[in-house]
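# Residue-level structure breakdown
Below are the chains, spelled out letter by letter.
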Amino acid sequence: MASLLDVAPPEGHDPARGFEVEYLTCNMADVVFTSGRFTAQTFARVFAPSPVDIWWLFRVRSGEAWFETGERQIHAGPGAMFIISLDDDFRGRISDYEGLVIGLRRDAFERVAEQIDSVCNTILTGNLIELLADYLDRLEMRVIQMSSDELRQAGRATASMIAACIELSGTRLEQGRGAIESILFERAREYIEAHLGEFDLTPNRVAEQLRVSRSNLYRAFESAGGVAGYIMRRRLRAAHAELVASADKRVQEIAYRHGFKQASDFTRAFRREFGVSPRVARERARAGSIAG
């Protein structure tokens, strides 16, 4: 770390013991992705002899971090995201820490450099920042399996995602919208699957729980036929699977278990989706099983 930071153990720690560090770093062309854990330490970057033109984007998973730069101070706890410029003098310390550090090359973010500089040394907040955090967490699980070409492509996509989430302007947001909507769709899908049998599972409830606007949620589900349509289809497919697998369960009981208050509502929706009534679907499945 000596070329970038002066690092030392915390006060009261015997320097002869050193400190433990375990991390993974991937060069992804437009970004450098690092994840790992670090024992408590202090650090400083003072009077840099020449510009480095790199920002560090931090995502704290556990532990705490304190940064001082200029007139700003940051105290970041678990879940926090913030950006530090290596062109600025700063100092700070961390407790035992686990998280991500994403290196952002200035030449890959020229169009949004002013916006990134404006949010340096502040805690990033908002719905898009939460989506960005989800995206980075999922990326971490996959980088070790990627080829060199895939890492470069993922790096470019990650740069667009970061720029869009930070800038929030129409042009750059549109460039990163696909990645943003993909992450939002996945978060919503997981929530829907976990609450599929609950009567009050509605698009409004999903939006509220994910803390996103209804318009953003609807846009993410456009290709899936809308949020309400997606919930209905998932309920019907789950009910269909149980219906044909359980000959002893009443249709009304299955309907109720999958979020339908009235058996008649379930039957009408089932017929629209599958072209036959629940009873006929079960009889056909039973006949096919016997014939097989």
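About the criteria used
Residues numbered from 1 in each chain as written. Predicted model: local features only at pLDDT ≥ 70, side-chain atom pairs only at ≥ 80, totals over all residues. Heavy atoms only, no water. Helix = DSSP H or I, 4+ residues; strand = E, 2+ residues; numbered from the N terminus. Rg over C-alpha atoms; globule rule 2.2 N^0.38 Å. Buried < 20%, exposed > 50% of the residue type's maximum accessible area, 1.4 Å probe, protein only. Contact = heavy atoms within 4.5 Å. Areas by Shrake-Rupley, 256 points an atom, 1.4 Å probe, with all protein chains shown as cover. Lys, Arg positive; Asp, Glu negative; His and termini not counted. Charge placed at Lys NZ, Arg CZ, Asp CG, Glu CD. Pairing = 2+ DSSP bridges. Axes fitted to C-alpha atoms, helices over the stretch in contact; angles between N-to-C directions. Core = buried A, V, L, I, M, F, W, Y, C linked by side-chain atoms within 4.5 Å. Salt bridge = Lys/Arg side-chain N within 4 Å of Asp/Glu carboxyl O. Parallel < 35°, antiparallel > 145°, perpendicular 65-115°, else oblique. Nonpolar A, V, L, I, M, F, W, Y, C, P; charged D, E, K, R; others polar. pLDDT = per-residue confidence, 0-100. Patch = residues over 30% accessible without salt bridge, like charges linked within 9 Å, V, L, I, M, F, W, Y side chains within 5 Å.

### Thoughts on the overall build of the chain
A count of helices and strands for the chain gives 10 helices and 10 strands. Computed over its C-alpha atoms, the radius of gyration of the chain comes to 25 Å, more than 25% above the 19 Å expected for a compact globule of 292 residues. Principal-axis analysis of the C-alpha atoms places the extent of the chain at approximately 80 × 45 × 35 Å. Considering the chain as a whole, with its 292 residues, one finds that 41% of them fall into the buried category. For the chain, restricting intrachain contacts to residue pairs at least 6 apart in sequence, the fraction spanning at least 24 positions comes to 69%. Of the roughly 15,700 Å² of accessible surface on the chain, a fraction of 48% belongs to carbon and sulfur atoms. Computed over 38 positive and 41 negative side-chain charges, the separation of the two mean positions in the chain equals 12 Å.

### A word on the sheet that holds strand S10 (residues 97-105)
In space, the 5 strands of this open sheet follow the order S2-S3-S10-S5-S8, with antiparallel pairing throughout. At either end of the open sheet lies a strand with only one pairing partner, and these are strand S2 (21-27) and strand S8 (81-85). Direction aside, the axes of adjacent strands within the sheet are offset by 20 degrees on average. Summarising the sheet, S2 and strand S3 (residues 31-38) pair through 7 bridges and their orientation is antiparallel. Bridge pairing in S3 places Glu-22 opposite Arg-37. Its contacts with the sheet place helix H3 (residues 148-167) against S2, S3, strand S5 (54-62), S8 and S10, and it is angled at close to 85 degrees to S3.

### Details of the nonpolar core
If you look at the biggest cluster of nonpolar residues, it comprises 52 residues, and the most contacted ones within it are Met-28, Leu-57, Ile-102, Phe-109, Leu-132, Leu-136 and Phe-221. Discounting chain neighbours no more than four positions away, the residues touching Phe-221 are Phe-185, Ala-188, Arg-189, Ile-192, Gly-226, Val-227 and Tyr-230. Grouped together as the second largest cluster of nonpolar side chains are 18 residues, Phe-38, Val-60, Ala-76 and Tyr-97 included.

### Points about the pattern of salt bridges
Scanning the model with the defined rule gives 20 salt bridges in all. Between Glu-186 and Arg-189 there is a salt bridge, and its shortest N-O distance comes to 2.8 Å. Highlighted residues: Glu-186 and Arg-189, both in helix H4 (residues 170-194), separated by 3 residues, approximately one helical turn. Residue Glu-186 is classed as partly exposed on the basis of its relative accessible area of 23%.

### Focus on the packing of helix H7 (residues 227-245) against helix H9 (residues 263-274)
At a minimum axis separation of 10 Å, H7 and H9 run at an interaxial angle of 95 degrees. When the axes of H7 and H9 are compared, the pair comes out roughly perpendicular. Between H7 and H9, the contacting residues are Met-232, Arg-233, Leu-236, Arg-237, Ala-239, His-240 and Leu-243 on the first element and Phe-266, Ala-269, Phe-270, Glu-273 and Phe-274 on the second. In terms of residue class, the contact of H7 with H9 is built from 8 nonpolar, 1 polar and 3 charged.

### What to know about the confidence of the model for the chain
The pLDDT averaged across the chain works out to 85; a share of 91% of its residues lies at or above 70. Here residues 169-174 scores under 50 on pLDDT; set against residues more than four positions off or in separate chains, the count is 8 contacts.

### A closer look at a nonpolar patch on the surface
Taken together, the side chains of Phe-19, Val-21 and Tyr-23 make up a nonpolar region of the molecular surface, amounting to roughly 280 Å² of accessible area. Within the secondary structure, Val-21 is located in strand S2. Here Val-21 falls in the partly exposed class, since its relative accessible area comes to 38%.

### Brief notes about the sheet that holds strand S6 (residues 65-69)
Overall, antiparallel pairing links the 5 strands, which are arranged S1-S4-S9-S6-S7 in an open sheet. Two strands lie at the open edges of the sheet, namely strand S1 (6-8) and strand S7 (72-76), each paired on one side alone. Taken pair by pair, the neighbouring strands of this sheet meet at an average axis angle of 10 degrees, ignoring direction. Here 5 bridges tie strand S4 (residues 41-45) to strand S9 (residues 90-94), and the two strands are oriented antiparallel to one another. Bridging across to S9, Arg-45 finds its partner in Phe-90.

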